[in-house]
Every structure is written in structure tokens, then in C-alpha cells.
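Chains, contacts and geometry: an overview
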Amino acid sequence: EFVRRGFSVATLDWRGQGASDRDPRVDMLGHVDDFAEYQADLAAFDAWQADILGEPGPRIMVAHSMGGCIGLRALIDGALSSPTSRPAAAIFSAPMWGLALPRLGAAGARALARAAVRFGFAHRRARGAENEKTYVLDAPFDGNVLVCDPAIWTRFAKEARARRELTLGSPSLGWLDAAFREMRALQGAGPLPIPSLLLLGDEEAVVSPAAIEARADDPGARLVRLAGARHEPLMEAPNGAVGRPARAAMTAFLDDLGL
């Protein structure tokens with residue numbers, strides 16, 4: 001869809017996900033010791049896409065979920081500052097600036113993850129599913145936290161069964177500790193430095209709506225709430241009840257910026 005709009009597109013799988021390298025200590029778990037490792041991935045990606053996509057024109061960062069956490073850090077730290085990578089604007093889809101946990105639950109999970117790392121259990125899974133299980137193969141459609149369209153859910157499951165090596169199981173306790181540390185650090189960081197669209201579903205149950213709403217007053221931020229949307233609004237059918245308004249919001253945002 002971005003290509004049809006005239007953009008070239010470059011994207012990546014973060015380490016431990018999709019076709020990128022996996023940490024042999026954790027098999028199918030998502031793991032890093034520190035979110036700085038993802039910044040190293042972003043730097044490598046930035047160097048690659050500068051060579052591959054050396055085309056003129058504005059850059060747009062599109063970042064979903066954990067990518068929103070990584071992208072916000074990069075923007076605030078000025079990591080994407082070269083002429084070939086500096087974004088003119090950002091689109092954040094359900095950015096992971098906090099987790100959807102009650103206050104006491106978050107405090108308990110944070111303490112558990114910190115203790116696990118200190119006592120040498122960083123590579124243990126953070127939730128009870130087996131290492132090789134991935135959410136779309138383990139959970140039923142009814143009550144799922146990702147999408148509201150059953151056809152999309154069926155497609156997710158079909159793709160996961162066909163390419164199990166590309167799926168992801170539970171995060172590790174080490175990842176959870178690193179995520180809590182990074183999200184807390186970003187809460188005290190400066191405002192969004194570029195015009196940014198924030199997409200938030202009103203049925204969001206993975207990341208913290210409050211943490212996203214807290215950024216809505218940043219200069220240049222535009223918060224769009226999507227009725228009926230869960231955690232994956234950009235994966236919904238383009239003409240569906242969630243996909244259509246999500247795409248309309250992105251189109252209006254880019255049009256208003258002349259992009």
C-alpha cells in the first residue's frame with residue numbers, strides 16, 4: 001500500500017524474530033539482555049537501507065508494538081540522523097510504551113523479572129506456554145487480543161503452521177526485565193521530535209493505552225482511536241471495519257504533511 005502511494009519500503013525482523021538470527025540459548029523464546037541490542041539492529045538496518053534505497057525523498061518511520069518502543073528511543077537519541085535515514089514523520093501502531101497490566105500486576109511482574117535475571121533465570125520463559133508455542137496456534141479466535149476479523153486470524157494460523165521456524169513463543173524473563181527498564185526510561189524522556197501519528201484500538205489489551213495517551217500532548221502528535229481495534233490494526237483487512245479507518249488516518253496524516 002505504501003508502494004502504491006509512491007514510497008519505497010525497507011523493513012526488518014528484529015533479532016530473535018521471523019527470519020533473523022535466533023539466540024541458541026532460548027530457542028523460540030524472544031530474548032535480549034538489554035534493548036540497546038535492538039538499537040544495534042536498527043543501526044545495521046539503517047546502514048543497509050541507505051545502500052539499497054538511495055532514493056531521494058522523505059523518510060517515514062512506521063513502527064508497531066515493540067518496534068514503537070525501539071523507534072521512539074532512536075528518535076529521542078537522534079540515532080536516525082543521517083540525510084538518508086532521518087524520518088520526516090512517524091506512524092506508531094499500538095506502540096509498546098507500557099504494557100497493559102494493572103498497576104500492582106506491573107509492579108509484581110517487574111520485580112519478578114528483575115529477580116529472575118539476578119538469580120540466573122533470564123533465559124526462562126515469562127509465561128507458561130511451551131517454548132515452541134506461538135500465540136495464534138495456542139489461543140482460540142474468540143477472546144484473542146490481536147485482530148477482530150476471523151479471516152485474518154485464520155490466515156495468521158495458516159502461515160504459522162506452514163512456517164513454524166518463523167514463529168515466536170513466549171518472551172524470556174530477561175526480555176521482560178529489559179522491556180520494563182526501557183519503557184520506564186522512555187517515560188521520562190523528551191517529547192516526540194517529529195510529527196507522529198499514534199494509532200490506538202479501543203480494545204487494546206497488549207500494550208498500555210495510558211502510556212500512548214500520555215504522548216498525545218507532545219507537539220506534532222496526533223492520536224487516532226480506532227473503534228473495535230485490538231493490537232494489530234494494520235493487519236486487519238484493508239476495507240474492513242478496522243482496516244479502513246486505520247488507513248484513512250494514515251492517509252490524512254501524510255496528506256496534511258504534504259508527504
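Above this text sits the structure in question.
From a predicted model like this one, the values you see are computed outputs, not experimental measurements.

Within the structure shown, the criterion is met by 16 salt bridges. R73 is paired through a salt bridge with D77; the nearest N and O atoms lie 3.4 Å apart. Of this pair, R73 and D77 are both found in helix 2 (residues 66–77), four residues apart, which corresponds to roughly one turn of the helix. By relative accessible area, R73 is classed as buried at 15%. A salt bridge links D218 to R215, with the nearest nitrogen and oxygen atoms 2.9 Å apart. Among the charged side chains, a network of salt bridges with common partners joins D34, R114, D177 and R181.

Moving on, we come to the sheet that holds strand 1 (residues 59–64). One key point about sheets: their strands pair by backbone hydrogen bonds, in either a parallel or an antiparallel sense. The strand order 1-2-3-4 describes an open sheet built from four strands, whose pairing is parallel. Since the sheet does not close on itself, it has two edges, and those belong to strand 1 and strand 4 (221–226), each with one partner. When strand polarity is set aside, the average angle formed by the axes of neighbouring strands in this sheet is 15 degrees. Across the sheet, helix 2 is in contact with strand 1 and strand 2 (87–93); its angle to strand 1 comes to roughly 135 degrees.

Attention shifts here to the layout of surface pockets. One number sums up the size of the second largest pocket: a volume of about 360 Å³. The wall of the second largest pocket is formed by 17 residues, among which W97, G98, L99, R110 and Q187 lie closest to the centre. Put simply, the parts of the chain that give the lining of the second largest pocket at least two residues each are helix 3 (103–118) and helix 6 (173–187). Among the elements that make up the lining of the second largest pocket, the one with the highest residue count is helix 6 (five residues). Classifying every residue of the lining of the second largest pocket by side-chain character gives ten nonpolar, three polar and four charged.

If you walk through the whole model with that rule in mind, you get eight aromatic pairs. Judged by centre distance (4.9 Å) and plane angle (90 degrees), the rings of F35 and Y38 are edge-to-face. Y38 shares its class with F35; the two are buried. An aromatic cluster of three or more residues is present, and its members are W14, F35, Y38 and W175. Against the face of F180 rests R110, its NZ or CZ located 5.7 Å from the ring centre.

What follows concerns helix 2. The end-to-end C-alpha distance of helix 2 is 17 Å, a good match for the 16 Å that twelve residues give at a rise of 1.5 Å each. Among the twelve residues of helix 2, ten are classified as buried, and the element is accordingly described as predominantly covered. Of all the residues in helix 2, the buried ones are M66, G67, G68, C69, I70, G71, L72, R73, A74 and L75. Buried positions along helix 2 lie against helix 1 (36–52), strand 1, strand 2 and helix 6.

What follows concerns the pairing of strand 3 (residues 196–201). Consecutive side chains along a regular strand alternate between the two faces of the sheet. Strand 3 sits mainly inside the fold: six of its six residues count as buried. Summarising the sheet, strand 2 and strand 3 pair through four bridges and their orientation is parallel. Within strand 3, the residue paired with I91 across the bridge is L197.

As a further point, take unusual backbone geometry. Look at S65: it is not a glycine, yet its phi comes out positive at around 55 degrees. On the accessibility criterion, S65 (13% relative accessible area) is buried. Not every positive phi belongs to a glycine, and A94 is a case in point at roughly 45 degrees. Note that A94 resides in the loop between strand 2 and helix 3. According to the relative accessible area criterion, A94 is buried, its value standing at 1%.

Next up on the list: the environment of R155. Here R155 shows up in helix 5 (residues 150–162). Its relative accessible area of 36% is what places R155 among the partly exposed residues.

One way to put it is that helix 1 packs onto helix 2 with a least axis distance of 10 Å and a crossing angle of 75 degrees. Taken as axis vectors, helix 1 and helix 2 run roughly perpendicular relative to one another. Contacts between helix 1 and helix 2 involve Y38, Q39 and L42 from the former and M66, I70, R73 and A74 from the latter. Classifying every residue of the contact of helix 1 with helix 2 by side-chain character gives five nonpolar, one polar and one charged.

Reading the values: rules and limits
- Residues numbered from 1 in each chain as written.
- Predicted model: local features only at pLDDT ≥ 70, side-chain atom pairs only at ≥ 80, totals over all residues.
- Heavy atoms only, no water.
- Salt bridge = Lys/Arg side-chain N within 4 Å of Asp/Glu carboxyl O.
- Helix = DSSP H or I, 4+ residues; strand = E, 2+ residues; numbered from the N terminus.
- Buried < 20%, exposed > 50% of the residue type's maximum accessible area, 1.4 Å probe, protein only.
- Pairing = 2+ DSSP bridges.
- Axes fitted to C-alpha atoms, helices over the stretch in contact; angles between N-to-C directions.
- Contact = heavy atoms within 4.5 Å.
- 1 Å grid on protein atoms, 1.4 Å probe; cavity = no way out; pocket = protein on both sides within 12 Å on 5 of 7 lines; lining within 4 Å.
- Points joined across faces, edges and corners; volume = space filled by probe spheres on them.
- Nonpolar A, V, L, I, M, F, W, Y, C, P; charged D, E, K, R; others polar.
- Phe/Tyr/Trp six-rings, centres within 6.5 Å; stacked < 30°, edge-to-face > 60°.
- Lys NZ or Arg CZ within 6 Å of the ring centre and 35° of its normal.
- Expected span 1.5 Å × (residues − 1).
- Parallel < 35°, antiparallel > 145°, perpendicular 65-115°, else oblique.

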